[in-house]
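# Residue-level structure breakdown
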Amino acid sequence: MNIYQKEIRLKPYKRGFHLITETIEDSFPELGGIKIGVLNVFIKHTSASLTINENADSTVRSDFEAHMNILVPEDAPYYVHTYEGSDDMPAHIKASLMGSSIQIPISRGRLNLGIWQGIYLCEHRNNASGRSLVLSCIGS
């Protein structure tokens, strides 16, 4: 059984939903040596999140952003935590709704995602800096 872990820093992304599957794969060549295992991806932030979804049609990403903005609007009069601007509390709520980690099976040295699946960084802030991910892999 092998265990690998590394932390990577993503470049800054604009607000929205961004495919990062290739970035993760390129940053973690140790995956190639795993015949069967699992990769956990954890984001170390409270105003961004991770999810797995459609990787082919970019309108899925824009629809995600549009729907999340309706579900969790900015400038709601009941928000108290607005120290960093109107996107502050909504970003925290969106991150909690979407989640801070995902798990992906590894088979024959590759992430075993469905043909139309990709890993998304869900950036909920207007002016975020780069985000840090912890990649943890266990397998043989």
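Quick look at the structure, then. (Residues numbered from 1 in each chain as written. Predicted model: local features only at pLDDT ≥ 70, side-chain atom pairs only at ≥ 80, totals over all residues. Heavy atoms only, no water.)

Let us look at the pattern of salt bridges. Side-chain pairing between opposite charges can occur once the charged atoms of the two side chains come close. Throughout the structure, instances matching the rule amount to eight salt bridges. The salt bridge partner of E7 is K44, with a shortest N-O separation of 3.2 Å. One end of the pair, E7, is in strand β1 (residues 2-9); the other, K44, is in the loop between β3 (36-43) and β4 (48-54), and 37 residues separate them in sequence. Look at the salt bridges and you will find they share partners, linking E84, D87, D88 and R125 into a network. (Salt bridge = Lys/Arg side-chain N within 4 Å of Asp/Glu carboxyl O. Helix = DSSP H or I, 4+ residues; strand = E, 2+ residues; numbered from the N terminus.)

If you walk through the whole model with that rule in mind, you get four aromatic pairs. Ring centres of F64 and Y120 lie 6.0 Å apart, and the angle between their planes is 80°; this geometry places the pair in the edge-to-face category. With F64 in helix α2 (residues 58-71) and Y120 in strand β7 (residues 117-123), this residue pair connects regions lying 56 residues apart in the sequence. Exposure class is identical for F64 and Y120. Each is buried. Judged by centre distance (5.1 Å) and plane angle (75°), the ring pair of Y78 and Y79 falls under edge-to-face. When its relative accessible area of 59% is taken as the criterion, Y78 is described as exposed. Members of the aromatic cluster, joined through ring pairs, are F17, F64 and Y120. (Phe/Tyr/Trp six-rings, centres within 6.5 Å; stacked < 30°, edge-to-face > 60°. Buried < 20%, exposed > 50% of the residue type's maximum accessible area, 1.4 Å probe, protein only.)

The subject of this paragraph is the packing of α2 against helix α3 (residues 88-98). Across the interface, α2 lies against α3 with an axial gap of 10 Å and an inter-helix angle of 115°. As α2 packs across α3, the resulting crossing turns out to be right-handed. Where α2 approaches α3, its residues F64, M68, N69 and L71 are matched on the opposing element by K94, L97 and M98. Among the residues making up the contact of α2 with α3, the classes are represented as five nonpolar, one polar and one charged. (Axes fitted to C-alpha atoms, helices over the stretch in contact; angles between N-to-C directions. Left-handed = near helix turned anticlockwise from the far one by under 90°. Contact = heavy atoms within 4.5 Å. Nonpolar A, V, L, I, M, F, W, Y, C, P; charged D, E, K, R; others polar.)

Below, the discussion takes up a nonpolar patch on the surface. The grouping of M1, I3, V38 and I138 at the surface amounts to a nonpolar patch, some 420 Å² of accessible area in total. Position of M1 among the secondary structure elements: in the segment before β1. (Patch = residues over 30% accessible without salt bridge, like charges linked within 9 Å, V, L, I, M, F, W, Y side chains within 5 Å. Areas by Shrake-Rupley, 256 points an atom, 1.4 Å probe, with all protein chains shown as cover.)

Quick look at α3 now. Every buried residue of α3 is listed here: D88, P90, A91, K94, A95 and M98. Buried residues in α3, looked at end-on, bunch into an arc of 160°, giving them a common side. Facing away from the buried surface of α3 by more than 90 degrees, the exposed residues are S96 and L97. Where α3 is buried, its residues meet β2 (16-19), β4, α2 and β7. (Arc of directions from axis to C-beta.)

Another aspect to go through is the sheet that holds β2. The strand order across the open sheet built from three strands is β2-β7-β4, with neighbouring strands paired in antiparallel fashion. The sheet terminates laterally at β2 and β4, the two strands that pair on one side only. Direction aside, neighbouring strands of the sheet carry axes that sit 35° apart on average. Here β4 pairs with β7 via seven bridges, running antiparallel. Paired with T51 across the strands is Y120, a residue of β7. Strands β2, β4 and β7 of the sheet are contacted by α2, whose axis makes an angle of about 150° with β2. Those strands touched by α3 are β2, β4 and β7, and its axis lies near 45° from that of β4. (Pairing = 2+ DSSP bridges.)

Nothing here speaks to function; it is all geometry.
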